[in-house]
Amino acid sequence: MLLDDFQVGIYRYEIFDTGGHLIKWTRINTTDSAAPIEIRALRPNAKRREIIAAFDD
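Only a predicted model underlies this, so the values are computations on that prediction, with no experimental measurement involved.

Asker: Any chance you could break down the side chain of Glu-14 for me, citing the residues and the numbers?
Answerer: By the element assignment, Glu-14 lies in strand β2 (residues 11-17). Not counting the four nearest positions on each side in its chain, Glu-14 is found in contact with Leu-2, Asp-4, Asp-5, Lys-24, Trp-25, Thr-26 and Ile-28.

See below:
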(Lines give C-alpha, C1' and ligand atoms only; values in the text may rest on other atoms or scores of the structure.)
Protein backbone atom coordinates (compact mmCIF):
# COMPACT_ATOMS: atom_id res chain seq x y z
CA MET A 1 0.00 0.00 0.00
CA LEU A 2 1.37 3.46 -0.94
CA LEU A 3 1.96 5.50 2.21
CA ASP A 4 3.61 8.64 0.87
CA ASP A 5 5.61 10.08 -1.99
CA PHE A 6 7.85 13.08 -2.58
CA GLN A 7 10.11 14.47 -5.28
CA VAL A 8 13.72 15.66 -5.05
CA GLY A 9 15.22 16.95 -8.29
CA ILE A 10 14.54 14.51 -11.13
CA TYR A 11 13.66 11.62 -8.80
CA ARG A 12 10.27 10.72 -7.35
CA TYR A 13 10.37 8.62 -4.18
CA GLU A 14 7.44 6.40 -3.17
CA ILE A 15 6.98 4.73 0.20
CA PHE A 16 5.19 1.39 0.46
CA ASP A 17 4.17 -0.58 3.54
CA THR A 18 5.30 -4.21 3.29
CA GLY A 19 3.46 -5.35 6.41
CA GLY A 20 6.76 -6.10 8.16
CA HIS A 21 9.61 -4.35 9.94
CA LEU A 22 10.89 -2.62 6.80
CA ILE A 23 9.34 -0.14 4.41
CA LYS A 24 9.89 -0.46 0.65
CA TRP A 25 11.16 2.72 -1.00
CA THR A 26 11.21 3.16 -4.75
CA ARG A 27 13.05 5.84 -6.73
CA ILE A 28 11.75 6.72 -10.18
CA ASN A 29 13.62 8.92 -12.64
CA THR A 30 11.02 11.42 -13.88
CA THR A 31 13.02 12.56 -16.93
CA ASP A 32 13.95 9.15 -18.38
CA SER A 33 11.09 6.66 -18.69
CA ALA A 34 13.54 3.93 -19.77
CA ALA A 35 15.56 4.23 -16.53
CA PRO A 36 15.10 1.34 -14.12
CA ILE A 37 13.04 1.80 -10.98
CA GLU A 38 15.32 1.40 -7.98
CA ILE A 39 14.05 -0.26 -4.80
CA ARG A 40 15.44 -0.25 -1.26
CA ALA A 41 14.08 -1.65 2.00
CA LEU A 42 14.68 0.67 4.93
CA ARG A 43 13.45 1.00 8.48
CA PRO A 44 10.12 2.83 8.83
CA ASN A 45 11.51 5.80 10.77
CA ALA A 46 14.27 6.69 8.27
CA LYS A 47 14.62 10.40 7.59
CA ARG A 48 14.37 11.74 4.02
CA ARG A 49 18.11 12.51 3.86
CA GLU A 50 18.89 8.91 4.91
CA ILE A 51 16.59 7.59 2.19
CA ILE A 52 18.20 9.72 -0.49
CA ALA A 53 21.67 8.69 0.72
CA ALA A 54 20.69 4.99 0.54
CA PHE A 55 20.00 5.36 -3.17
CA ASP A 56 23.23 7.27 -3.78
CA ASP A 57 25.43 4.40 -2.53
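Asker: I'd love a proper account of the sheet that holds β2, names of residues and values included.
Answerer: Strand pairing in a sheet relies on backbone hydrogen bonds. The paired strands run either parallel or antiparallel. The strand order across the open sheet formed by four strands is β1-β2-β3-β4, and the pairing between neighbours is antiparallel. With one partner strand each, in any of the chains shown, β1 (2-8) and β4 (38-42) form the two edges of the open sheet. Mean inter-strand twist for the sheet, computed between neighbouring axes without regard to direction, equals 20°.

Asker: How would you sum up the pattern of salt bridges? Please name residues and give values.
Answerer: A complete count under the given rule lists seven salt bridges for this structure. A salt bridge links Arg-27 to Glu-38; its shortest N-O distance comes to 2.8 Å. Highlighted residues: Arg-27 in strand β3 (residues 23-29) and Glu-38 in strand β4, separated in sequence by 11 residues. The class of Glu-38 is partly exposed, set by a relative accessible area of 23%.

Asker: Account for the pairing of β3, with residues named and values stated.
Answerer: Within β3, six of the seven residues are buried, which leaves it mostly tucked inside the rest of the structure. Examined bridge by bridge, β2 and β3 share seven bridges and lie antiparallel to one another. When the bridges of β3 are listed, Tyr-13 appears paired with Arg-27. Between β2 and β3, which pair antiparallel in sequence order, lie five residues; one of them, Gly-19, sits at a positive phi of approximately 80°. In the sheet, β3 pairs with β4 via five bridges, with the strands oriented antiparallel.

Rules used in this analysis
- Residues numbered from 1 in each chain as written.
- Predicted model: local features only at pLDDT ≥ 70, side-chain atom pairs only at ≥ 80, totals over all residues.
- Heavy atoms only, no water.
- Helix = DSSP H or I, 4+ residues; strand = E, 2+ residues; numbered from the N terminus.
- Contact = heavy atoms within 4.5 Å.
- Pairing = 2+ DSSP bridges.
- Axes fitted to C-alpha atoms, helices over the stretch in contact; angles between N-to-C directions.
- Salt bridge = Lys/Arg side-chain N within 4 Å of Asp/Glu carboxyl O.
- Buried < 20%, exposed > 50% of the residue type's maximum accessible area, 1.4 Å probe, protein only.

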